[in-house]
Amino acid sequence: MFPLIREILAMAPRSQELTVRGWIRTKREMKNLVFLEVNDGSCLASIQCTLDPAAGGLSPAKLGTGASVEITGKLLPSPARGQEAELAVSALTVLGEAPGEDRETAEGTIRAYPLQKKRHSLEFLRETPQLRGRTNTLGAVMRVRSRLAFAVHRFFQERGYQYLHTPIITGNDAEGAGALFRVTSQGGEGEFFGRKSFLTVSGQLEAEAYAAALSRVYTFGPTFRAEHSNTARHLAEFWMIEPETAFAGLNENMDLAEDFLKHCINTVLEDCAADLAFFDERIQPGLSGSLRSAAESPFTRMTYTEAVGELRKPGAGPFEFEPRWGADLQSEHEKFLTEKCAAGPVILTAYPREIKAFYMKLNPDGKTVRAMDVLVPRLGEIIGGSEREEKLGALCSRMKELGIDTEGYGQYLDLRRYGTVPHAGFGLGFERLIQYLTGMTNIRDVIPYPRSAGQLF
Ligand code: 4AD
Ligand code: MG
């Protein structure tokens, strides 16, 4: 296999002959020298290629931004600032042109390559998802995303967790929140599965079943929510990581979540240094420093009641929504808690039972549940989890109270009928994690093809 640009740039330049493949980012024409910046997405940096247009066969005419090329040349130490090596071109082939102006062809008009030299807005790029991966920002995001996916598996595998593939099509609403997409077959009559079916909103219920068999499991897969909240942190299709641990309670769950987030932060600090420096400079000034400090200090832990107390202290506001015990925290409240109060991630526990899901274990006070949400600066909630209600009677009465039909949850209740054990778990939204670690403000810019209400590019 030919070398990637990241490998070439790591070599010491000794006039060795090499072939580079990639896409032209920019071309600068001087009197008797042409400079091409070629990028292959393997790293943020491009390789500078210099060619002498007078040399036989090296016509620079077709070398527009966006064209794909195969270039052979000698790797030489570079006289330019900020780069170690450059390629002195001896042979060049354009594999695919990218016209700089609209062009008529037998197949119709080919529009000018939309990503020209200037900086494009992220909104503009969102409408061109098939090309935006070729920009510095989206390229860096997708490299970080890939590295983090690997880090997620490494973290859980090293701690004895088994990777569990939970179903994408399910028959029940794991969150009891009703934000479900229905699954039907095109043109078919009746229900394909003989009963109503949906896209999963969470793999938790199935993960609980396997935690009660394998002790420690985690899921990492696509998740779907028909939420109409058109915010910068909600998608209709996102990826979630859900560990579930048997013989564990709320404290073990909190420790696991904190260790896991720190592991992810350290991965980006260590393995994605160049991309992170780019985000720090262009997207979110101060990003690396705030991540480093989050990785080094213990997360602040407080109860929901204490948090509401902080929010109601004189001088805490002003808030658009008054903080009130019993109500869901608004994102302005989460922002205050993480940015002003704790200046770092916060783990909140003991939420009012009324605002949390049916499966959470009740605290002895009867009013709050053993929930744990992890909030981070800039974003708010990034993890939601809890200790689970493992007693059959308590779970059934909680479901009845919420008007949930226990019939549909027979398999889930069986786990409480046969060999029930205390257990706990949480869900981390993978895109929110990437937002936190890259500073990207809109969740649509951290997934290759974003899906949200009214948008399917
Ligand atoms: O808090 P949530 O709804 O919790 C659950 O789904 C539990 N079953 C998890 C568990 O205990 N196993 O969702 C968990 C996380 C949220 O904290 C958020 O990061 C992310 O999933 N999330 C979304 N991310 C993007 N778009 C959406 N629409 C999201 N909804 C939730
Ligand atoms: Mg939640």
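Residues numbered from 1 in each chain as written. Chains lettered and ligands numbered in written order. Predicted model: local features only at pLDDT ≥ 70, side-chain atom pairs only at ≥ 80, totals over all residues. Heavy atoms only, no water.

1. Details of the overall build of the protein chain
So, point 1. The secondary structure content of the protein chain amounts to 12 helices and 19 strands.
So, point 2. In terms of overall dimensions, the protein chain has C-alpha extents of about 85 × 60 × 45 Å along its principal axes.
So, point 3. Looking at the protein chain as a whole, 48% of its 457 residues are labelled buried.
So, point 4. Pairs at least 24 residues apart make up 65% of the contacts formed inside the protein chain by residues separated by at least 6 positions.
So, point 5. A total of about 22,200 Å² of accessible surface is found on the protein chain, and carbon and sulfur atoms cover 51% of it.
So, point 6. Mean positive and mean negative side-chain charge positions of the protein chain (53 and 58 charges, respectively) differ by 3 Å. (Helix = DSSP H or I, 4+ residues; strand = E, 2+ residues; numbered from the N terminus. Buried < 20%, exposed > 50% of the residue type's maximum accessible area, 1.4 Å probe, protein only. Contact = heavy atoms within 4.5 Å. Areas by Shrake-Rupley, 256 points an atom, 1.4 Å probe, with all protein chains shown as cover. Lys, Arg positive; Asp, Glu negative; His and termini not counted. Charge placed at Lys NZ, Arg CZ, Asp CG, Glu CD.)

2. Considering the site of ligand 1
So, point 1. The environment of ligand 1 is formed by 24 residues, the closest being Glu-175, Gln-204, Glu-227, Glu-242 and Glu-381.
So, point 2. Measuring from a nitrogen atom of ligand 1, one finds a side-chain N or O atom of Tyr-359 at 3.5 Å.
So, point 3. Here an oxygen atom of ligand 1 sits 2.9 Å away from a polar atom, N or O, in the side chain of Arg-388.
So, point 4. When ligand 1 sits alone it has 630 Å² of accessible area, and the protein chains cover 94% of it.
So, point 5. Of all the secondary-structure elements, those providing two or more residues to the shell around ligand 1 are strand S12 (237-246), strand S16 (380-387) and strand S17 (423-429).
So, point 6. Considered class by class, the residues forming the shell around ligand 1 number eight nonpolar, eight polar and eight charged. (Near = heavy atom within 4 Å. Polar contact = N/O pair within 3.5 Å; in protein donor to acceptor, adjacent residues only side chain to side chain. Nonpolar A, V, L, I, M, F, W, Y, C, P; charged D, E, K, R; others polar.)

3. Digging into the pairing of strand S2 (residues 34-39)
Within a regular strand, the side chains alternate between the two sheet faces.
So, point 1. For S2, a buried count of five out of six residues is recorded, marking the element as mostly surrounded by other parts of the structure.
So, point 2. Across six bridges, strand S1 (residues 16-29) lies against S2 in antiparallel orientation. Looking at the pairing, Glu-29 lines up with Val-34 of S2.
So, point 3. Between S1 and S2, which pair antiparallel one after the other, the connecting turn spans four residues.
So, point 4. The pairing of S2 with strand S3 (residues 47-51) spans five bridges and is classified as antiparallel. (Pairing = 2+ DSSP bridges.)

4. Here we look at the sheet that holds S3
So, point 1. Read around the closed barrel, five strands run S1-S2-S3-S5-S4, paired in mixed fashion. On average, adjacent strands in this sheet sit at an angle of 55 degrees to one another, irrespective of strand direction. (Axes fitted to C-alpha atoms, helices over the stretch in contact; angles between N-to-C directions.)

5. Comments concerning the packing of helix H4 (residues 204-214) against helix H11 (residues 410-417)
So, point 1. Packing of H4 against H11 brings their axes to within 10 Å, and their N-to-C directions diverge by 30 degrees. It follows from the interaxial angle that H4 and H11 lie roughly parallel. Viewed along their axes, H4 and H11 form a crossing whose handedness is left-handed. Along the contact surface, H4 presents Gln-204, Leu-205, Glu-208, Ala-209 and Ala-212, while H11 presents Tyr-412, Leu-415 and Arg-416.
So, point 2. Split into classes, the residues belonging to the contact of H4 with H11 amount to five nonpolar, one polar and two charged. (Parallel < 35°, antiparallel > 145°, perpendicular 65-115°, else oblique. Left-handed = near helix turned anticlockwise from the far one by under 90°.)

6. Points about the pairing of strand S11 (residues 216-224)
So, point 1. With seven of its nine residues buried, S11 lies for the most part within the structure.
So, point 2. In this structure, S11 lies alongside S12, joined through nine bridges in antiparallel fashion. Paired with Arg-216 across the two strands is Thr-245, which belongs to S12.

7. What about the packing of aromatic side chains?
So, point 1. Enumeration over the complete set of coordinates arrives at 17 aromatic pairs.
So, point 2. Taken together, the ring pairs connect Phe-155, Phe-156, Tyr-161, Tyr-163, Tyr-218, Phe-260 and Phe-426 into an aromatic cluster.
So, point 3. We note Arg-28 situated over the ring of Phe-35; from NZ or CZ to the ring centre the distance is 4.6 Å.
So, point 4. The ring of Tyr-412 has Arg-416 sitting right over it, with the charged end atom 4.1 Å from the ring centre. (Phe/Tyr/Trp six-rings, centres within 6.5 Å; stacked < 30°, edge-to-face > 60°. Lys NZ or Arg CZ within 6 Å of the ring centre and 35° of its normal.)

8. Some points on the domain arrangement of the protein chain
So, point 1. Domain assignment breaks the protein chain into domain 1 (5-103) and domain 2 (132-456).
So, point 2. Facing the seven residues of domain 1 at the interface are eight residues of domain 2.
So, point 3. Interface of domain 1 and domain 2: buried area, both sides summed, is about 570 Å²; carbon and sulfur atoms make up 44% of it.
So, point 4. Summed over the three residues of domain 1 that lose the most area to domain 2, namely Trp-23, Arg-25 and Leu-44, the buried surface amounts to 78% of that side.
So, point 5. For the pair domain 1 and domain 2, the number of links is zero salt bridges.
So, point 6. Remark: the boundary between domain 1 and domain 2 carries four residue pairs in polar contact (both at pLDDT 80 or more). (Domains from an automatic or database assignment. Buried area = accessible area lost by both parts, 1.4 Å probe. Salt bridge = Lys/Arg side-chain N within 4 Å of Asp/Glu carboxyl O.)

9. Remarks on the environment of Ala-394
So, point 1. Counting through the fold element by element, Ala-394 comes out in helix H10 (residues 392-401).
So, point 2. For Ala-394 and Lys-361, which are 33 residues apart along the polypeptide, the C-alpha to C-alpha distance reads 8.5 Å.

10. A few points about the pattern of salt bridges
Working definition: two side chains of opposite charge can pair if their charged atoms are close together.
So, point 1. Applying the stated rule across the entire model yields 29 salt bridges.
So, point 2. With a shortest N-O distance of 2.9 Å, Arg-143 and Asp-275 are connected by a salt bridge. Here Asp-275 lies in helix H6 (residues 273-282) and Arg-143 lies in helix H3 (residues 136-158), a separation of 132 residues in the sequence.
So, point 3. What makes Asp-275 buried here is its relative accessible area of 7%.
So, point 4. The residue Lys-313 makes a salt bridge to Glu-310 at a minimum N-O spacing of 3.2 Å.
So, point 5. Since its relative accessible area comes to 24%, Glu-310 is described here as partly exposed.
So, point 6. The network of salt bridges with shared partners includes Glu-208, Glu-244, Arg-388 and Arg-416.

11. Digging into the sheet that holds S16
So, point 1. Spatial strand order, S8-S11-S12-S17-S16-S15-S14-S13: eight strands in an open sheet with mixed pairing. One side of each edge strand has no neighbouring strand; the edge strands of this open sheet are strand S8 (162-163) and strand S13 (300-303).
So, point 2. Helix H8 (residues 304-312) rests against S13 and strand S14 (346-352) of the sheet, and its axis sits at about 95 degrees to S13.

12. So, the side chain of His-333
So, point 1. With respect to the secondary-structure elements, His-333 resides in helix H9 (residues 331-341).
So, point 2. You can call His-333 buried: its relative accessible area is 2%.
So, point 3. Not counting chain neighbours up to four residues away, the residues in contact with His-333 comprise Leu-311, Phe-319, Phe-321, Glu-322 and Pro-323.

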